[in-house]
Amino acid sequence: MSCATLNLPPSLKLLNSCFQPSNKKSCFFSSSFSSVSFVGPLTSNGNKSSWDSCPSHVIKGLRSFPIVFKCVAQKSELSVSVGAGSNIASEKRLVVLVIGGGGREHALCYALQRSPSCDAVFCAPGNAGISNSGNATCIPELDISDSSAVISFCRKWGVGLVVVGPEAPLVSGLANDLVKAGIPTFGPSAEAAALEGSKNFMKNLCDKYKIPTAKYQTFTDPSSAKQYIEDQGAPIVIKADGLAAGKGVIVAMTLEEAYEAVDSMLVKSVFGSAGCCIVVEEFLEGEEASFFALVDGENAIPLESAQDHKRVGDGDTGPNTGGMGAYSPAPVLTKDLQSVVMQTIIHPTVKGMAAEGCKFVGVLYAGLMIEKKTGLPKLIEYNVRFGDPECQVLMVRLESDLAQVLLAASRGELSGVSLKWSPGSAMVVVMASKGYPGSYEKGTVIRNLEEAENVAPTVKIFHAGTALNSDSNFIATGGRVLGVTATGRDLQEARDRAYQAVEEIHWPGGFYRRDIGWRALPQKQLAPKK
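These figures come from a predicted structure and were not determined experimentally.

A. Fine view of the overall build of the chain. Within the chain, the regular secondary structure consists of 15 helices and 31 strands. The buried share of the chain, reckoned over its 530 residues, is 55%. Summing over all exposed atoms, the chain offers an accessible surface of approximately 22000 Å²; the carbon and sulfur share of this is 50%.

B. Inspection of the sheet that holds strand β11 (residues 161–164) at higher detail. Across the sheet, 5 strands lie side by side as β10-β9-β8-β11-β12; this open sheet has parallel pairing. At either end of the open sheet lies a strand with only one pairing partner, and these are β10 (137–138) and β12 (185–186). Two strands pair when backbone bridges link them, and β11 and β12 are joined in this way by 2 bridges, in the parallel orientation. Each residue of the ladder has a partner; that of Val163, found in β12, is Phe186. Against the sheet, helix α4 (residues 147–157) makes contact with β8 (94–100), β9 (118–125) and β11, and its axis sits at roughly 160° relative to β8, the strand it touches most.

C. Quick peek at the packing of aromatic side chains. On inspection of all chains with the given rule, the structure shows 8 aromatic pairs. Here Phe153 and Trp157 contribute two aromatic rings whose centre-to-centre distance is 6.3 Å and whose plane-to-plane angle is 35°, an arrangement assigned as tilted. Taken as a pair, Phe153 and Trp157 lie in helix α4 at a separation of 4 residues, close to a single helical turn. The exposure class assigned to Trp157 is buried, which follows from its relative accessible area of 8%. Ring pairs connect the aromatic residues Phe122, Phe153 and Trp157, which therefore count as one cluster.

D. Fine view of the nonpolar core. Leu97, Ile346 and Ile505 are the most contacted members of the largest nonpolar core, which totals 81 residues. Ranked by residue count, the leading element in this core is helix α11 (residues 335–355), at 7 residues. Those residues in contact with Ile346 that sit more than four places away from it in its chain are Phe291, Ala293, Ala300, Val341, Ala366 and Tyr382. Listed in part, the 46 residues of the second largest apolar core include Leu108, Cys118, Val363 and Val428.

The rules behind each value
- Residues numbered from 1 in each chain as written.
- Predicted model: local features only at pLDDT ≥ 70, side-chain atom pairs only at ≥ 80, totals over all residues.
- Heavy atoms only, no water.
- Helix = DSSP H or I, 4+ residues; strand = E, 2+ residues; numbered from the N terminus.
- Buried < 20%, exposed > 50% of the residue type's maximum accessible area, 1.4 Å probe, protein only.
- Areas by Shrake-Rupley, 256 points an atom, 1.4 Å probe, with all protein chains shown as cover.
- Pairing = 2+ DSSP bridges.
- Contact = heavy atoms within 4.5 Å.
- Axes fitted to C-alpha atoms, helices over the stretch in contact; angles between N-to-C directions.
- Phe/Tyr/Trp six-rings, centres within 6.5 Å; stacked < 30°, edge-to-face > 60°.
- Core = buried A, V, L, I, M, F, W, Y, C linked by side-chain atoms within 4.5 Å.

If you want it as structure tokens, here you go:
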């Protein structure tokens, strides 16, 4: 049997499906660069393999990576083993599918690929940056809104863990269907995802289980909402009850702004069905922070602290965004405060959800306000997935085997699990398309990304909204496009490296904030170093 040498990426770009053997056989792949193994059936009928033919994006995504294929005759099994010197424990090694295609998912793929027990990482749909980095094999053809298609893919490729990144598939019930099909899934059921999908649900849970949060009322009638606002006064906060792509929260500094927000949601329906019910709550003054905990239905373990910058402009000015940068750890969340958050917010939520008959499995992302007048945390809102861009700074600091930790959570086995984090700090600076969070141009060319990542070994660029054009140049396809991330011995060093990398990138169509970390660093240290 002859051998063929092909150029392939370390993420094993769907190699199995690229072959259409005329006889039943098995192919053993070997490489000294990565460790990947699959076991699955391969049969043939004439010249057609029982697995799909190699997708076009796989061919396009091939990178220079020598792998030698040794084909030997077999009866029915395909066994693939990639990696020199690896010790494979078949019952514990995992093929992981990450659902989503943004910066958060890129960071998760990056961390999973580094997990010693993770054999391969798929990402659906993924993006050009994820694919090009080799952090995962992207599957853009997989319709993640079609549970049956996702289940079929998992069974075909022996996926042992699905990690759902965005909130929309969770709220629509993807995790329900995967769990029902017997596929371990990290992510809450649709019922539990209501913690993010409905702010009214979250507030009612807080009321029932004495979880500290802002005082509020819920309305569907604009006149009643305006009367309540008049009674309470401004500033005041108006929120669409449902998912509004991160744009459904308006902090009104005057009564007129508040009335306008009510009309926009309840009368003009700017957020559609997501805004047909609104939550009006008191304005909390203090410092915001992000707190994350992994939950297995009954147990919860905290992640490291992080803090993001929501406003689009320097000095926290301008409209809210999905996040313009973040850093970890967050000095505002002291160890004592983290204990208070676990005791008064996270644990009561986990127990309350279980008592309500919808156990929460996944990551609880608590948006907190550390109140100025009390110094104590109050819950602003819950997200039911890793934050973006907070996930980026957390994943570059995580030293534990993420695949095994998330698998333990999906199995209800977090009790006794502890996480290991690298010392020092991490920072991510988000580069966004000019005009964001309003209208922005798509298709602008981004250059010098490789030079930016070479600024320091600790720099990693996560892609949130990129594609490749016909000339193989990266182009911007979204509002938030890149997450330029770096670690350092302290926050200042992480910041210096991140901004040095940002300055290497040539993208006239983009912009970024120049003061990420300003709350945690003295003002004189904020100027990016050349």
